[in-house]
Amino acid sequence: DSGVTQTPKHLITATGQRVTLRCSPRSGDLSVYWYQQSLDQGLQFLIHYYNGEERAKGNILERFSAQQFPDLHSELNLSSLELGDSALYFCASSVDRPNTGELFFGEGSRLTVL
Amino acid sequence: GIQVEQSPPDLILQEGANSTLRCNFSDSVNNLQWFHQNPWGQLINLFYIPSGTKQNGRLSATTVATERYSLLYISSSQTTDSGVYFCAVVRYSGGGADGLTFGKGTHLIIQP
């Protein structure tokens, strides 16, 4: 158990819909990273939040957004879903004081868009 | 951005065999991690090894940062070692905020 909690574990929805994925980092970790794993693109970095502030963006679509709350949990919002958004979405947390430390990953949220 | 190449892409071995997985990266890195993704999709931390050598049971890893590669050794393989092994690196930019860049992985199958 990495200590990073993600919900839901599985999610099935239809095209055009909106979903929210939730992540609770390990106790004491200030950074949350979101990753997308699809068969054709591999593991892609989406976005990084540190202590409530966005620090870096990767290959995140404009239809996707994220935030980190004062209690340090994070949410990834995916809207206007397309078939190609079907993937495993991971959250990772790290201490990051100040630079990137060792990342620990949650079990992922498997999204299926029909 | 930094490129990460892993080899071999696929590896099939008999139980009890030893293996070496390689990770090459295109630029100097500040962090390097090895992960095992099991058949259920979980990413399990194996090593945090920006340089040097570490060992954990049947697994060990070596990173030669000056030559831009890392090696993961698995000895006396067991069927539970099956899965995909990922190497991931970070090269700090000015803000030090970058996430890990992953290789495409080595898909390992251990046959009984």
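Before any of the text, the structure's been laid out above.
Residues numbered from 1 in each chain as written. Chains lettered and ligands numbered in written order. Predicted model: local features only at pLDDT ≥ 70, side-chain atom pairs only at ≥ 80, totals over all residues. Heavy atoms only, no water.

A. Layout of the overall build of chain B. Secondary structure summary: chain B contains 0 helices and 11 strands in total. In chain B, the succession of α and β elements from N to C terminus is β-β-β-β-β-β-β-β-β-β-β. For a compact globule of 112 residues, the expected C-alpha radius of gyration is about 13 Å, and chain B comes in at 14 Å, within 12% of that figure. A principal-axis box enclosing the C-alpha atoms of chain B has dimensions of 50 × 25 × 20 Å. When each of the 112 residues of chain B is scored for burial, the buried share is 47%. A fraction of 56% describes how many contacts in chain B between residues 6 or more apart in sequence connect residues 24 or more apart. Carbon together with sulfur atoms contributes 48% to the accessible area of chain B, which is approximately 5200 Å² in total. Computed over 6 positive and 7 negative side-chain charges, the separation of the two mean positions in chain B equals 5 Å. (Helix = DSSP H or I, 4+ residues; strand = E, 2+ residues; numbered from the N terminus. Rg over C-alpha atoms; globule rule 2.2 N^0.38 Å. Buried < 20%, exposed > 50% of the residue type's maximum accessible area, 1.4 Å probe, protein only. Contact = heavy atoms within 4.5 Å. Areas by Shrake-Rupley, 256 points an atom, 1.4 Å probe, with all protein chains shown as cover. Lys, Arg positive; Asp, Glu negative; His and termini not counted. Charge placed at Lys NZ, Arg CZ, Asp CG, Glu CD.)

B. Region of interest: the sheet that holds strand β7 (residues 64-68) of chain A. Residues and elements named next belong to chain A. Pairing within the open sheet is antiparallel, and its 4 strands lie in the order β1-β3-β8-β7. The sheet is open, and its two edges are formed by β1 (5-7) and β7, each paired on a single side. The sheet shows a mean angle of 15° between the axes of neighbouring strands, taken without regard to direction. (Pairing = 2+ DSSP bridges. Axes fitted to C-alpha atoms, helices over the stretch in contact; angles between N-to-C directions.)

C. Inspection of the state of the cysteines at higher detail. Considering all chains together, one arrives at 2 disulfides over all chains under this definition. Each disulfide pairs two cysteine sulfurs, and for A:C23 the partner residue is A:C91, the sulfurs being separated by 1.8 Å. One disulfide, between A:C23 and A:C91, carries an S-S torsion of -45° and so falls in the left-handed class. Here A:C23 is found in strand β3 (residues 19-24), whereas its partner A:C91 is found in strand β9 (residues 87-94), with 68 residues between them in sequence. Pair check on accessibility: A:C23 and A:C91 agree, each one buried. Here B:C23 connects covalently by a disulfide to B:C87, the sulfurs 2.0 Å from one another. Of note, the bridge from B:C23 to B:C87 carries an S-S torsion of about -60° and is left-handed in sense. (Disulfide = S-S within 2.5 Å.)

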